[in-house]
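Analysis of the macromolecular model
As a plain string of letters, each chain reads:
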Amino acid sequence: MQYFIQLIVTGLVLGSVYAMVALGFVLIYKSSSVINFAQGELVLIGAYMALWLTVSLHIPFLLSFIITLIFAVFLGFAIEKLFLRPMIGEPILSVIMLTIGLSVFLRGLVIILWGTETRVFPQIFSETPIKIGFVRISQVYLWSLILSVIFLVIFTLFFKYTDIGIAMRATADDQTAALSMGISVKKVFAMAWAVAAVVAAVGGVLLGNINGINISVANFGLRVFPVVILGGLDSIPGAIVGGFTIGIIENLASGYLDPYFGGGVREVAAFVVLVIILMIKPYGLFGLERIERV
Amino acid sequence: MYRLPCGTFNTTYKQDMALFRTKFLKFWVGVFFVFLLVFPFIANYYMLSLANLIGIAVIGALGLNILTGFAGQISLGHGAFIGVGAYTSALLVMRLHLSFWLALPLAGLFTAFVGLIFGIPSLRVKGLYLAIATLAAQVIINFVMIHWSSLTKGTSGLPVNPPTLFGISFDTDKKYYFITIFFAVLATTFAKNLQRTRVGRAFMAVRDNDLAAEIIGINLYKYKLLAFFVSSFYAGIAGSLWAHYVTIITPEHFTLSVSVDYLAMIIIGGVGSVLGSIFGAIFMVLLPEILRLIADALSGVYPSIGNFFSAMRDVVFGLTIILFLIYEPDGLNHRWQMIKAYWKLWPFSY
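Residues numbered from 1 in each chain as written. Chains lettered and ligands numbered in written order. Predicted model: local features only at pLDDT ≥ 70, side-chain atom pairs only at ≥ 80, totals over all residues. Heavy atoms only, no water.

1. Comments concerning the overall build of chain B
The number of helices and strands found in chain B is 15 helices and 4 strands. Here chain B has a C-alpha radius of gyration of 21 Å; the compact-globule value for 350 residues is 20 Å, and the two agree. When each of the 350 residues of chain B is scored for burial, the buried share is 50%. Sequence-distant contacts, at least 24 apart, represent 76% of the contacts inside chain B between residues at least 6 apart. Of the roughly 16,700 Å² that chain B leaves accessible, carbon and sulfur atoms contribute 70%. Taking the 23 positively charged and 13 negatively charged side chains of chain B as two groups, their mean positions are separated by 11 Å. (Helix = DSSP H or I, 4+ residues; strand = E, 2+ residues; numbered from the N terminus. Rg over C-alpha atoms; globule rule 2.2 N^0.38 Å. Buried < 20%, exposed > 50% of the residue type's maximum accessible area, 1.4 Å probe, protein only. Contact = heavy atoms within 4.5 Å. Areas by Shrake-Rupley, 256 points an atom, 1.4 Å probe, with all protein chains shown as cover. Lys, Arg positive; Asp, Glu negative; His and termini not counted. Charge placed at Lys NZ, Arg CZ, Asp CG, Glu CD.)

So this is what it looks like as structure tokens:
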């Protein structure tokens, strides 16, 4: 029983990071109908950037975290402006392929800049685990969970109350209507990429603090797909619910099934769930079912 | 696709549907075949090994182009399907001691059935969702390859014998070349002909608008699944040829990046074009080789360049895909048509 609860708790932590990354993914899809295969690389770049600032330049962690976020904003702008703007109106296959190309490109760049060996963040949180009831939880996990919940709340408020947030939701709902109401759709697309890069960077820093980072963090981008399919590709609450659910499912599957398969169940469990969802309820829990007309 | 050069007039439907519509074209295709046959006797082993890789890639790329280019169903699982073909063929030959010549079509058929299973989601979802469903196929199949180690020997690799025929073992690049080129030509001919049949036209109707296609009487389920079937059959054949060519296969040969490579081939070559698949395959096989030449040349100046080679390949590869999509979205095939059109009217082009 204790093992079970332990798995659930660590699943929640993992799930909170999934939710963060999925949020960025959904945001891009919702506003511009682009499916971003490079989300994992954005996570990777965020993590390495913060690591580089803290370890090589000896900047205090909090400051380097903030600099990373600012850098992520501009990275998002740059990607949107350089690569995605020319693709408006192109077929789905081309857009998918473009983001795949982008992910390969960014991954190569990260390897050239930072190498492939695993690196760890300097100890920021104390190592002594905290006991809640009979569950022992390490401080890194606890802080990751708290931080991601804080960020999720901030972004929910951002979408609900700020002008830009409302403009983004309007664009997502109906581009033409948003245009005619005087919203700059171009700006919204750029903002979507900036926000996506920021949440990815936050996810990357959290992951880096939990496990250390190497190039395989980029695979995180692929594991976000089950999350967004479960929640619905165009639903922000779906991304959050889906993130926690998939995090827990992965942890349980890996905790109980790994001994039988010799490891690696974590990667595949979520995808099995994905196939089942696609067959039963293809538009996810909260996704908008599109009605097509000829 | 149906553009004709100046001065060529068709008066019958038969002429209109012909594969080679002008004498000029027939002549050059003939010359090309002669070249293919003479090539192994003039080329060195390095060039022949590249030719083998290109031949196998052509078959795989044609398969993906039938699914994605003709029928409009996006697949991110092509690499895994090639893997299914490779493992099926290898196991049939090594465990059941079947002949390669029997294992090859069986591998194709088995892969086609696996493709059918993973094509079922295409009946309900399309576009982005289908892309993600095939991504799941890729991940799941790769997981099975790694973890069903009693059958596949997992990551330590499965050794495969080269094929034999009448006591001749096709164990060198030169001998294997004839197998590859035979099947590559066969696959190309079939794909080219498929375009002209009812099935091919139905695929294209499904691609252009599947609802409209259904309304004019095309059985969507049948043709979508058929596209997955044919495409996976091609993948199976390519996988089988690959397995017996490299003689040891591991799951790492069939990861997502292979699927991406094949998608890049059809994008760079030209989506929905048979000739484009060939251009794309040649381009994608030669790209890393050219990069290696450049890296070797630069290694005198920057000795550490060797460590970064695979990363450099990624950067160039990613950038190539992006630049092609932005500046040449119709692929090399389109550029080739433009060049042909230019010279046809030279020096009085308008």
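2. Looking at the overall build of chain A
The number of helices and strands found in chain A is 11 helices and 2 strands. For chain A, the sequential pattern of α-helices and β-strands runs α-α-α-α-β-β-α-α-α-α-α-α-α. When contacts within chain A are restricted to residue pairs at least 6 apart in sequence, long-range pairs at least 24 apart make up 76% of them. Split by element, the accessible area of chain A, about 12,700 Å² in all, is 68% carbon and sulfur. Of the charged side chains in chain A, 16 are positive and 14 negative; the average position of the first set lies 5 Å away from that of the second.

3. Some words on the interface of chain A and chain B
The partner chain B presents 42 residues to the 46 residues of chain A that form the contact. Counting the contacts that link chain A with chain B gives 0 salt bridges. Of all the secondary structure elements, the ones that give two or more residues to the side of chain A that touches chain B are helix H3 (61–84), helix H4 (92–114), helix H9 (220–231) and helix H11 (265–280) of chain A. Element by element, the count of residues in the side of chain A that touches chain B is highest for H4 of chain A, at 15 residues. Grouping the constituent residues of the side of chain A that touches chain B by class yields 36 nonpolar, 6 polar and 4 charged. (Salt bridge = Lys/Arg side-chain N within 4 Å of Asp/Glu carboxyl O. Nonpolar A, V, L, I, M, F, W, Y, C, P; charged D, E, K, R; others polar.)

4. Digging into the packing of helix H1 (residues 2–32) of chain A against H9 of chain A
Residue and element names in this part refer to chain A. Remark: H1 packs on H9, axes separated minimally by 9 Å, with the N-to-C direction vectors making an angle of 85 degrees. By the criterion of interaxial angle, the relationship of H1 to H9 is roughly perpendicular. Packed against H1, whose contacting residues are Leu-14, Val-17, Tyr-18, Val-21, Ala-22, Phe-25 and Val-26, the element H9 presents Phe-220, Arg-223, Val-224, Phe-225, Val-227 and Val-228 at the interface. Classifying every residue of the contact of H1 with H9 by side-chain character gives 12 nonpolar, no polar and 1 charged. (Axes fitted to C-alpha atoms, helices over the stretch in contact; angles between N-to-C directions. Parallel < 35°, antiparallel > 145°, perpendicular 65-115°, else oblique.)

5. Regarding the side chain of Thr-88 of chain B
Residues and elements named next belong to chain B. Relative to the assigned elements, Thr-88 resides in helix H4 (residues 78–94). Here Thr-88 falls in the buried class, since its relative accessible area comes to 15%. Not counting the four nearest positions on each side in its chain, Thr-88 is found in contact with Ala-107 and Phe-110.

6. Description of the confidence of the model for chain A
Looking at chain A, pLDDT values average 82 and 95% of them are 70 or higher. For chain A, the element scoring lowest by mean pLDDT is strand E2 (residues 135–137) of chain A, at 71; H3 of chain A scores highest, at 88. (pLDDT = per-residue confidence, 0-100.)

7. Structural notes on the environment of Phe-65 of chain A
All names here are of chain A. Its place among the elements puts Phe-65 in helix H3. Note: C-alpha distance between Phe-65 and Gly-46 (19 residues apart in sequence) is 9.1 Å. When near neighbours in sequence (up to four residues on either side) are disregarded, Phe-65 contacts Phe-151, Val-202 and Val-205.

8. Thoughts on helix H2 (residues 39–56) of chain A
For an α-helix the count is 3.6 residues per turn, leaving residues at separations of three or four pointing the same way. All names here are of chain A. Over its 18 residues, H2 extends 25 Å from the first C-alpha to the last, a length consistent with the 26 Å expected when each residue adds 1.5 Å. Of all 18 residues in H2, 15 are buried, a share of seventy percent or more. Trailing H2 by a residue or two, His-58 shows a phi angle of about 55 degrees, which is positive. (Expected span 1.5 Å × (residues − 1).)

9. Side note on the nonpolar core
Residues and elements named next belong to chain B. Ranked by internal contacts, the top residues of the largest apolar core, which has 197 residues, are Leu-241 and Ile-249. Setting aside chain neighbours within four positions, we find Leu-241 in contact with Ile-56, Ile-59, Phe-100, Leu-104, Tyr-176, Ile-179 and Phe-183. Grouped together as the second largest cluster of nonpolar side chains are 7 residues, Leu-36, Phe-39, Tyr-177 and Ile-181 included. (Core = buried A, V, L, I, M, F, W, Y, C linked by side-chain atoms within 4.5 Å.)

10. Section: the packing of aromatic side chains
Any aromatic ring pair is given by two values, namely how distant the centres are and how the planes are angled relative to each other. Inspection of the entire model under this criterion finds 21 aromatic pairs over all chains. Ring plane angle 75 degrees and centroid distance 6.3 Å describe the contact between Phe-74 of chain A and Phe-77 of chain A, whose orientation is recorded as edge-to-face. With Phe-74 of chain A and Phe-77 of chain A both in helix H3 and 3 residues apart, this pair spans about one turn of that helix. On the basis of relative accessible area, Phe-74 of chain A is assigned to the exposed category, the value being 53%. A residue is classified by how much of its surface remains accessible, and Phe-77 of chain A, at 30% relative accessible area, is partly exposed. An aromatic cluster of three or more residues is present, and its members are Phe-32, Phe-35, Phe-39, Phe-41, Tyr-177 and Phe-178 of chain B. Over the aromatic face of Phe-317 of chain B sits the side chain of Arg-313 of chain B, whose NZ or CZ is 5.2 Å from the ring centroid. (Phe/Tyr/Trp six-rings, centres within 6.5 Å; stacked < 30°, edge-to-face > 60°. Lys NZ or Arg CZ within 6 Å of the ring centre and 35° of its normal.)

11. Comments concerning the side chain of Ser-64 of chain A
Residues and elements named next belong to chain A. With respect to the helices and strands, Ser-64 occurs in helix H3. Among the residues examined, Ser-64 registers a relative accessible area of 0% and is labelled buried. Separated by 3.3 Å, the side chains of Ser-64 and Thr-54 make a polar contact. At 2.8 Å, the side chain of Ser-64 and the backbone oxygen of Phe-61 are in polar contact. Here Ser-64 is in contact with Ala-50, Leu-53, Thr-54 and Ile-59, once residues within four sequence places are set aside. (Polar contact = N/O pair within 3.5 Å; in protein donor to acceptor, adjacent residues only side chain to side chain.)

12. Focus on unusual backbone geometry
In this structure, His-58 of chain A takes a positive phi of about 55 degrees despite not being glycine. Mapped onto the elements, His-58 of chain A comes out in the loop between H2 and H3. Within the chain, His-97 of chain B stands out as a residue other than glycine whose phi angle is a positive 55 degrees. Looking at His-97 of chain B, the relative accessible area reads 65%, which means it is exposed.

13. A few points about helix H5 (residues 139–161) of chain A
Across its 23 residues, H5 of chain A extends 32 Å between first and last C-alpha, which sits within 8% of the 33 Å expected from 1.5 Å per residue. Listing the buried residues of H5 of chain A in full gives Gln-139, Val-140, Leu-142, Ser-144, Leu-145, Ser-148, Phe-151, Leu-152, Phe-155, Phe-158 and Phe-159 of chain A.

14. Considerations on the pattern of salt bridges
All names here are of chain A. Scanning all chains against the criterion turns up 9 salt bridges over all chains. We note a salt bridge from Arg-223 to Glu-250, for which the minimum N-O separation is 3.4 Å. Note that Arg-223 is positioned in helix H9 and Glu-250 in helix H10 (residues 236–261), a separation of 27 residues in sequence. The buried category is assigned to Glu-250, whose relative accessible area is 0%.

15. Thoughts on the packing of H4 of chain A against helix H14 (residues 309–327) of chain B
Running from N to C, H4 of chain A and H14 of chain B point in directions that differ by 155 degrees, and their axes come no closer than 7 Å. By the angle class used here, H4 of chain A and H14 of chain B are roughly antiparallel. Seen from above, H4 of chain A lies across H14 of chain B with left-handed handedness. Judged by residue contacts, Ser-94, Met-97, Leu-98, Gly-101, Leu-102, Val-104, Phe-105, Gly-108, Leu-109, Ile-111 and Ile-112 of chain A of H4 of chain A engage Ala-311, Met-312, Asp-314, Val-315, Phe-317, Gly-318, Leu-319, Ile-321, Ile-322, Leu-325 and Ile-326 of chain B from H14 of chain B. Of the residues in the contact of H4 of chain A with H14 of chain B, the class split is 17 nonpolar, 4 polar and 1 charged. (Left-handed = near helix turned anticlockwise from the far one by under 90°.)

16. A look at a nonpolar patch on the surface
Residue and element names in this part refer to chain B. Residues Phe-32, Val-34, Phe-35, Leu-37, Val-38, Phe-41, Ile-42 and Phe-178 make up a contiguous nonpolar surface patch of roughly 810 Å² in combined accessible area. At 7 residues, the largest contribution of residues to the nonpolar patch is made by helix H2 (residues 23–42). Structurally, Phe-35 is set in helix H2. (Patch = residues over 30% accessible without salt bridge, like charges linked within 9 Å, V, L, I, M, F, W, Y side chains within 5 Å.)

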